[in-house]
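Structural characterization, general
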Amino acid sequence: LGGTAGLEWLACSLSVSLAIVGMLLTNSLHPPGGATALIAVLSPGEAGGLGFLIILFPAFLGSVVHVSVAVLFNNLSALPGRHYPMNWEPFTTGR
């Protein structure tokens, strides 16, 4: 927030609200998305230095790791009927 001259409150509120508006427009509301935008504004040295790469690290990379662990854990489980995802084909109901 180096050159904001006391407008940190505006930068923080705009980052979160614009992220939420974008998620609402795409019907993909997820509160940690707003937190990711806030982190980028509050820590310009660490996260802000990444620029648009903050979308990939940690947001996208974290999502890939979480889904990978879910797929491995649920598909390698010894429990019958425990499979994730239920259907690998997109746009189907899984029945």
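Described below are features of the structure shown in this document. All figures in this text were calculated on a predicted structure; none of them were measured in a lab.

Here we come to the overall build of the protein. The secondary structure content of the protein amounts to 3 helices and 0 strands. Taken from the N to the C terminus, the helices and strands of the protein come in the order α-α-α. Buried positions account for 13% of the 95 residues belonging to the protein. Partitioning the contacts of the protein with sequence separation of at least 6, the portion at a separation of at least 24 is 17%. Element-wise, carbon and sulfur atoms account for 74% of the exposed surface of the protein, whose accessible area totals about 7,400 Å².

A word on the layout of surface pockets. Gaps left between atoms show up when a probe the size of a water molecule is rolled over them. The space that makes up the largest pocket amounts to roughly 330 Å³. Along its surface, the largest pocket is lined by Ala19, Met23, Ser28, His30, Pro32, Gly33, Thr36, Ala37, Ala59 and Ser63. Among the elements that take part in the lining of the largest pocket, helix α2 (residues 31-42) stands out by supplying 4 residues, more than any other. For the lining of the largest pocket, a count of residues per class yields 5 nonpolar, 5 polar and no charged.

For Asn74, the location among the structural elements is in helix α3 (residues 56-75). Looking at Asn74, its side chain comes within polar contact range of the main-chain oxygen of Ala70, at 2.9 Å. Beyond its immediate stretch of four places on either side in the chain, Asn74 contacts Arg82, His83 and Tyr84.

We now examine a nonpolar patch on the surface. A cluster of nonpolar side chains, namely Leu50, Leu53, Leu56, Phe57, Phe60, Leu61, Val64, Val65, Val69 and Phe73, defines an oily patch on the protein surface of about 900 Å² accessible area. Positionally, Phe73 belongs in helix α3.

With that out of the way, let us pick up unusual backbone geometry. A positive phi angle, close to 55°, is found at Asn27, a residue other than glycine. Looking at the element boundaries, Asn27 is found in the loop between α1 (8-25) and α2.

Let us look at the packing of α1 against α2. Across the interface, α1 lies against α2 with an axial gap of 8 Å and an inter-helix angle of 150°. Considering their axes alone, α1 and α2 lie roughly antiparallel with respect to each other. Both α1 and α2 take part in a crossing whose hand is right-handed. Judged by residue contacts, Ala11, Cys12, Ser15, Val16, Ala19 and Met23 of α1 engage Gly33, Gly34, Ala37, Leu38, Val41 and Leu42 from α2. For the contact of α1 with α2, the per-class residue count stands at 9 nonpolar, 3 polar and no charged.

This part covers α2. Spanning 12 residues, α2 covers 17 Å between terminal C-alpha atoms, matching the ideal 16 Å at 1.5 Å per step. For α2, every residue scored as buried is listed here: Gly34, Ala37 and Val41. Down the axis of α2, the smallest arc covering the buried residues is 60°, so these residues share one side. Those residues of α2 hidden inside the fold are in contact with α1.

Calculation criteria
- Residues numbered from 1 in each chain as written.
- Predicted model: local features only at pLDDT ≥ 70, side-chain atom pairs only at ≥ 80, totals over all residues.
- Heavy atoms only, no water.
- Helix = DSSP H or I, 4+ residues; strand = E, 2+ residues; numbered from the N terminus.
- Buried < 20%, exposed > 50% of the residue type's maximum accessible area, 1.4 Å probe, protein only.
- Contact = heavy atoms within 4.5 Å.
- Areas by Shrake-Rupley, 256 points an atom, 1.4 Å probe, with all protein chains shown as cover.
- 1 Å grid on protein atoms, 1.4 Å probe; cavity = no way out; pocket = protein on both sides within 12 Å on 5 of 7 lines; lining within 4 Å.
- Points joined across faces, edges and corners; volume = space filled by probe spheres on them.
- Nonpolar A, V, L, I, M, F, W, Y, C, P; charged D, E, K, R; others polar.
- Polar contact = N/O pair within 3.5 Å; in protein donor to acceptor, adjacent residues only side chain to side chain.
- Patch = residues over 30% accessible without salt bridge, like charges linked within 9 Å, V, L, I, M, F, W, Y side chains within 5 Å.
- Salt bridge = Lys/Arg side-chain N within 4 Å of Asp/Glu carboxyl O.
- Axes fitted to C-alpha atoms, helices over the stretch in contact; angles between N-to-C directions.
- Parallel < 35°, antiparallel > 145°, perpendicular 65-115°, else oblique.
- Left-handed = near helix turned anticlockwise from the far one by under 90°.
- Expected span 1.5 Å × (residues − 1).
- Arc of directions from axis to C-beta.

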